[in-house]
Amino acid sequence: MRKHILVLLSVILTVSLTGCASLSRPDASVRKQETVTLRVAWWGNPHRNELTAGVIEKYIQQNPHVEIEYEYSGFNEYWKKMAPLAAGNALPDVMQMDISYLRQYGSLNLLEDLTPYTQNGLIDTAHISERHLSGGRLDGRLFGFNLGVNALNGLYDPEVFRANGIAEPPPGWTWSDFDAMGEQLKGKGAYLGTAFTPEQFFSYYLRQHGSSLFAEDGTRLGYEDDRLFIDYFGRMQRMARDKLIYSPDIWTSDINNLASDPFNQGQALLGWGYSNQFIDMARIYGKPLKIVPMPGPHTDKGLFLKPGMFFSITKSSKHKEEAARFISYFVNDLEANKLMKGDRGVPVSSKVIEGMLPHLEPELAQVFEYLAWVEKNSAPMDPPDPLGSSEVTKVLRDLYDQLLFDRVTPETAAAEFRRKANGILSMNRSMEQGRP
């Protein structure tokens, strides 16, 4: 087992987390139980870090026998730190988990199956549907507990549409409507929108056409017709040529400065992302924004409810029951969720949602309303990403950049992506099956 964990370490370089703190109740006189120290780690921006620390403070106030040491960082740095901790059998008790890493960590026996803790009530699921739990399951075992529900969406400022003489997206709008907006915008010096993150939005496009990015067994791509790749990325390339979406260098040069995003400067009609990002985007933008579903047709096939992120309990934890109680508090406590304000997604507990509805600010109310609509107009989520998916994503992003810079044709990129992706997925599956 250690050999395979070291393989994970060799892929990712060691980088320290950017934040580390500890909250505790030092007054031993108030403790009636043996002190338990939990380590909790997550990724996030400063706003999430502040909110999560506030929830942790509330938890230890109610559980004075618990001390919590917590660590946080940006997304990429987080996973670089977790790899050596995994190799050293020193992962935190509770680690935030992403769908793209769930199979990797689960297959290496690094995560605890949470099913027994849901069955004995340590993690209360009385008001949480199986649909919200299923995204964290692998081969029948619950390795990640959903912390909030998200969905892909567009967002826009109605004033920017009016200023460019373009009507707002109508209900049931389509990719044809999207293209027509681009035609109206040519020569006006404004962007149609930010560039789509390729692996997320190409996956949506594939789902619209009854396919998926990965095959269910994880050994190959999940679509057979390269015309889907050519049509989708051909559209992106044409928009880049017409300067309707901005090229990657504009964004990557200021990736940590969202204020430099042309959308936030009122220079683009549409922004794209997941619904839990809407609050931050609205806060940065400084003026009212609206949410719009993704373009159709077959939006109901393309959209799905995505776990924003998970909490996992690690195999190495010596305090698994206390870790389970902490997770239960995080997802079921109304005051904790009021404090978090949907930062990790709309709460998974229907009872918590009911309790929050009367207290929602306008932007968060939009998110709750949109997710309620998506729940009725979506299809089940694809299985968790297979081993090797992060390498496949890198290949796709590199090809996407080349497409937007007009250095490769969609036909050539489609063939190269299939060749490289299938090779990566097949090799990783073989390695997984060869493990003892």
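Values in this document were obtained by computation on a predicted structure and should not be read as measured data.

Caption draft 1: Local environment of the overall build of the protein chain. Scanning the protein chain for helices and strands turns up 19 helices and 14 strands. For the protein chain, the proportion of its 436 residues judged to be buried stands at 53%. Long-range contacts, defined here as pairs at least 24 residues apart, represent 78% of the contacts in the protein chain between residues at least 6 apart. As presented, the protein chain carries roughly 19200 Å² of accessible surface, and 49% of it is formed by carbon and sulfur atoms.

Caption draft 2: The pairing of strand β3 (residues 66-73), seen in detail. Taken together, the eight bridges between strand β2 (residues 36-43) and β3 define a ladder with parallel strand orientation. Pairing of Ala41 across the sheet is with Glu71, part of β3. Each parallel crossover has a hand, and for β2 linked through helix α2 (residues 46-62) to β3 it is right-handed.

Caption draft 3: Spatial organisation of the packing of aromatic side chains. Following the criterion strictly, the structure yields 39 aromatic pairs and no others. Ring geometry for Phe75 versus Tyr101: centroids 6.3 Å apart, planes at 65°, classification edge-to-face. Of the two residues, Phe75 is situated in helix α3 (residues 75-87) and Tyr101 in helix α4 (residues 99-107); the sequence distance between them amounts to 26 residues. Among the residues examined, Phe75 registers a relative accessible area of 32% and is labelled partly exposed. Relative accessible area serves as the criterion here: at 14%, Tyr101 is assigned to the buried category. Ring centres 5.6 Å apart and planes at 65° place the aromatic pair Phe233 and Tyr400 in the edge-to-face group. Taken together, the residues span a long stretch of sequence, with Phe233 in helix α10 (residues 227-241) and Tyr400 in helix α18 (residues 389-404) at a distance of 167 residues. The burial state of Phe233 is the same as that of Tyr400; both residues are buried. A cation over a ring is seen here: Lys306 above Tyr274, with NZ or CZ 5.3 Å from the ring centre. When the ring centre of Tyr223 is taken as origin, the NZ or CZ atom of Arg418, which lies over that ring, is 4.9 Å away.

Caption draft 4: Region of the structure containing the packing of helix α9 (residues 198-208) against α10. Running from N to C, α9 and α10 point in directions that differ by 125°, and their axes come no closer than 11 Å. Accordingly, the angle class assigned to the pair α9 and α10 is oblique. The two elements α9 and α10 cross, and the hand of that crossing is right-handed. In this structure, α9 contributes Pro198, Phe201, Phe202, Tyr205 and Leu206 to the contact, and α10 contributes Leu228, Phe229, Asp231, Tyr232, Phe233 and Arg235. Looking at side-chain class alone, the contact of α9 with α10 contains nine nonpolar, no polar and two charged residues.

Caption draft 5: Local environment of the nonpolar core. Tyr105, Phe196, Phe229, Leu270, Phe326 and Phe417 are the most contacted members of the largest nonpolar core, which totals 134 residues. A per-element tally of this core places α10 first, with eight residues. Looking at which domains feed residues into this core, each of domain 1 (36-148 + 308-368) and domain 2 (152-304 + 383-433) supplies at least three. When near neighbours in sequence (up to four residues on either side) are disregarded, Phe417 contacts Leu213, Leu221, Tyr223, Phe229, Val392, Val395, Leu396, Leu399 and Asn422.

The rules we used
Residues numbered from 1 in each chain as written. Predicted model: local features only at pLDDT ≥ 70, side-chain atom pairs only at ≥ 80, totals over all residues. Heavy atoms only, no water. Helix = DSSP H or I, 4+ residues; strand = E, 2+ residues; numbered from the N terminus. Buried < 20%, exposed > 50% of the residue type's maximum accessible area, 1.4 Å probe, protein only. Contact = heavy atoms within 4.5 Å. Areas by Shrake-Rupley, 256 points an atom, 1.4 Å probe, with all protein chains shown as cover. Pairing = 2+ DSSP bridges. Right-handed = clockwise from strand over helix to strand, strands pointing away. Phe/Tyr/Trp six-rings, centres within 6.5 Å; stacked < 30°, edge-to-face > 60°. Lys NZ or Arg CZ within 6 Å of the ring centre and 35° of its normal. Axes fitted to C-alpha atoms, helices over the stretch in contact; angles between N-to-C directions. Parallel < 35°, antiparallel > 145°, perpendicular 65-115°, else oblique. Left-handed = near helix turned anticlockwise from the far one by under 90°. Nonpolar A, V, L, I, M, F, W, Y, C, P; charged D, E, K, R; others polar. Core = buried A, V, L, I, M, F, W, Y, C linked by side-chain atoms within 4.5 Å. Domains from an automatic or database assignment.

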